[in-house]
Amino acid sequence: MGKVHESIDGRLRAFIEAQQMFFVATAPSGPDGHVNVSPKGIGGSFAVLDEHTVAYLDYTASGAETIAHLRENGRITLMFCAFTGPPNIVRLHGSGRFVTLYDDEFEELAELFPERRGARAVIVVDVHRVSDSCGYGVPLMDYAGERDLLPPYMERKGADGQAEYRQRKNSVSVDGLPAFDYDPV
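In short, a report on the structure. Here, residues in each chain are numbered from 1, in the same order as that chain's written sequence. Since the coordinates come from a predicted model, pLDDT governs what is reported: local features require at least 70, and pairs of side-chain atoms require 80 or more to be given and counted, while whole-chain, interface and lining totals use all residues. Each side-chain value is worked out from all heavy atoms of the structure, with water and hydrogens disregarded.

The subject of this paragraph is the pairing of strand β7 (residues 89–100). Bridge count between strand β6 (residues 75–81) and β7: 7 bridges; the pairing is antiparallel. Its bridge partner lying in β7, C81 is registered against I89. Pairing of β7 with strand β8 (residues 119–133), which is carried by 12 bridges, proceeds in the antiparallel orientation. Bridge pairing in β8 places G96 opposite V125. When DSSP finds at least two bridges between two strands, those strands are taken to pair. Going along the chain from the N terminus, every DSSP run of H or I of four or more residues is numbered as a helix, and every run of E of two or more is numbered as a strand.

Summarising burial for helix α2 (residues 65–72): 6 of the 8 residues are buried, a large majority. In this scheme, a residue with accessible area under 20% of its type's maximum is buried, one over 50% is exposed, and one in between is partly exposed, where area comes from a 1.4 Å probe on protein chains only. The set of residues buried in α2 consists of E65, T66, I67, A68, H69 and L70. One or two residues past the end of α2 sits G74, with phi positive at roughly 75 degrees.

This next bit is on the nonpolar core. What tends to happen in soluble globular proteins is that the nonpolar side chains get buried as a cluster. Working definition of a nonpolar core: buried Ala, Val, Leu, Ile, Met, Phe, Trp, Tyr and Cys residues. They are joined through side-chain atoms within 4.5 Å. Counting 29 residues, the largest nonpolar core has I16, F46, V54, L78 and L92 as the members making the most contacts within it. Within the residue set of this core, elements represented by two or more residues are α1 (10–18), β2 (22–26), β4 (46–50), β5 (53–59), α2, β6, β7 and β8. Broken down by element, this core gets its largest block of residues, 5 residues, from β8. Once residues within four sequence positions are removed from consideration, L78 is found in contact with F22, F23, V24, F46, V54, Y56, V90, R91, L92 and V125. Note on definitions: a residue-residue contact is assigned when non-hydrogen atoms from the two residues lie within 4.5 Å.

Written out as structure tokens, the structure is:
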């Protein structure tokens, strides 16, 4: 049976911070848009800021659905699953915003994360619902390590190459919503 918690503290915070990956879910407002679920897992890319606020580093990648959906409605859910140890699933429901690499607040927030190569934004979530559930159906899996691919790939592109990539692949969502269109042309 699931339980709703007052905040992210103690056992829940320790559980969240120990996970090697998490999932981000967002959706556009209308009934016809696509729901997006993205796995995230670059080590050190997630931080609990306080009992009701979390953040993660958003890397330049093939899509920008989360940013598009946050621009439209701000709704976001993060999910953490135990793949080792006792079973557990934690969900953080909230309102999200993004701070792009061009925003004044970016540098201060980015300092929270050790791997910043290829970063395009920091996603900040004001958490209004914290819940956990049994996780009995989540399989046991062994962590084999990081895939050291995305940050080096973006580093090789350089700042101009990353901006060109984002202009080409990240400016609109799969549903045609404005996404990451902040790079100077």
